[in-house]
Amino acid sequence: MMNGFAKTKYAALGAAALLATALGAPAAKAETALVAGGCFWCVEADFEKVKGVSEVVSGFAGGDVANPTYKQVTGGDTGHLEVAQIEFDESQVSYAQIIDLFLRSIDPFDAGGQFCDRGESYSTAIFALNDRQARIAQERVAAAEAELGRKIVTPVRGAAEFYPAEDYHQDYYKGDDLVLTRRGPKSKANAYDFYRDACRRDERVRDIWGNDAPFTG
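Note that this is a predicted model, so its numbers are computed, not measured. (Residues numbered from 1 in each chain as written. Predicted model: local features only at pLDDT ≥ 70, side-chain atom pairs only at ≥ 80, totals over all residues. Heavy atoms only, no water.)

A.B. asks: Go over the sheet that holds strand β3 (residues 81-89) with me, naming the residues and quoting the values.
C.D. replies: Pairing is mixed across the open sheet formed by six strands, whose spatial order is β7-β6-β1-β3-β2-β8. Only two strands of the sheet have a single neighbouring strand rather than two, namely β7 (156-157) and β8 (163-164). Pairing between strand β2 (residues 53-61) and β8: two bridges, direction antiparallel. Directly across from G59, in β8, lies its bridge partner P164. (Pairing = 2+ DSSP bridges. Helix = DSSP H or I, 4+ residues; strand = E, 2+ residues; numbered from the N terminus.)

A.B. asks: Describe the state of the cysteines, with residues and values.
C.D. replies: Should the sulfur atoms of two cysteines be covalently bonded, the bond is a disulfide. In total, this model carries one disulfide according to the counting rule given. One disulfide in the model links C116 with C199; its S-S distance is 1.6 Å. Of this pair, C116 sits in the loop between β4 (113-114) and β5 (117-118) while C199 is found in helix α6 (residues 188-199), placing the two residues 83 residues apart along the sequence. Judged by relative accessible area, C116 falls into the partly exposed class, the value being 43%. Between C42, a cysteine without a disulfide, and C39, which holds the nearest cysteine sulfur, the sulfur-to-sulfur distance is 3.9 Å. (Disulfide = S-S within 2.5 Å. Buried < 20%, exposed > 50% of the residue type's maximum accessible area, 1.4 Å probe, protein only.)

A.B. asks: Kindly report on the pairing of β2, identifying the contributing residues and their values.
C.D. replies: By the criterion of burial, β2 is predominantly enclosed, with seven of the nine residues buried. Note: β2 against β3, eight bridges, orientation antiparallel. The residue bridging V57 from the neighbouring strand is Q85, located in β3.

A.B. asks: Can you tell me about the nonpolar core, naming the residues and giving the values?
C.D. replies: The biggest cluster of nonpolar side chains holds 45 residues, and the ones touching the most others in it are F47, I86, F88, Y95, I98, L103 and I126. When contributions to this core are tallied by element, the ones reaching two or more residues are β1 (30-37), α2 (40-47), β2, β3, α4 (95-103), α5 (131-148), α6 and α7 (201-209). Those residues in contact with F88 that sit more than four places away from it in its chain are K29, A30, E31, T32, A33, G52, V53, S54, V93, S94, Y95 and I98. Listed in part, the nine residues of the second largest apolar core include A36, V57, A61 and F162. (Core = buried A, V, L, I, M, F, W, Y, C linked by side-chain atoms within 4.5 Å. Contact = heavy atoms within 4.5 Å.)

This is the structure in structure tokens:
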């Protein structure tokens, strides 16, 4: 039985769909993708730029510890990877396009982590949330392998429980809070830029993908 909140929520969604139909606009087709691309700050920053993406949440998935902390995951004892949960409108951007963008934002040949971040928690993966996503993801990985002429090590895995990371990590790339870095106090946004440049993430992605790298500026 629906509680009052659920009834209100579904009534609002129904009203929005009716309004979109009345105005001749296509109703939004909400979809979710779950990917691991190394540092989740970077994946979040990249995909929040994509038209049709409504929200990206940094978190963890793939392990066997419930509600893990960042310290636990990066310590390497949970089996979890750093992941990004991407919410998008499939009438504006398809799941296949999300996967194509994702593959072109990582080093798909590195099984030991990503860029300067090493260890299992920073390894890459696509978590297919259903059979359709699994089929599409496998097709896009095969197409990327054909384009690059090399075997991609990023696996397509099954659905996994998603655990959001601490609030501290959400939208880190645009935060104003001061944090202490090796170069002294910086805003989160400036610390993120310094970290990304120091890890040479964009440089490596450009080396692999050239002009097909969508987020390297």
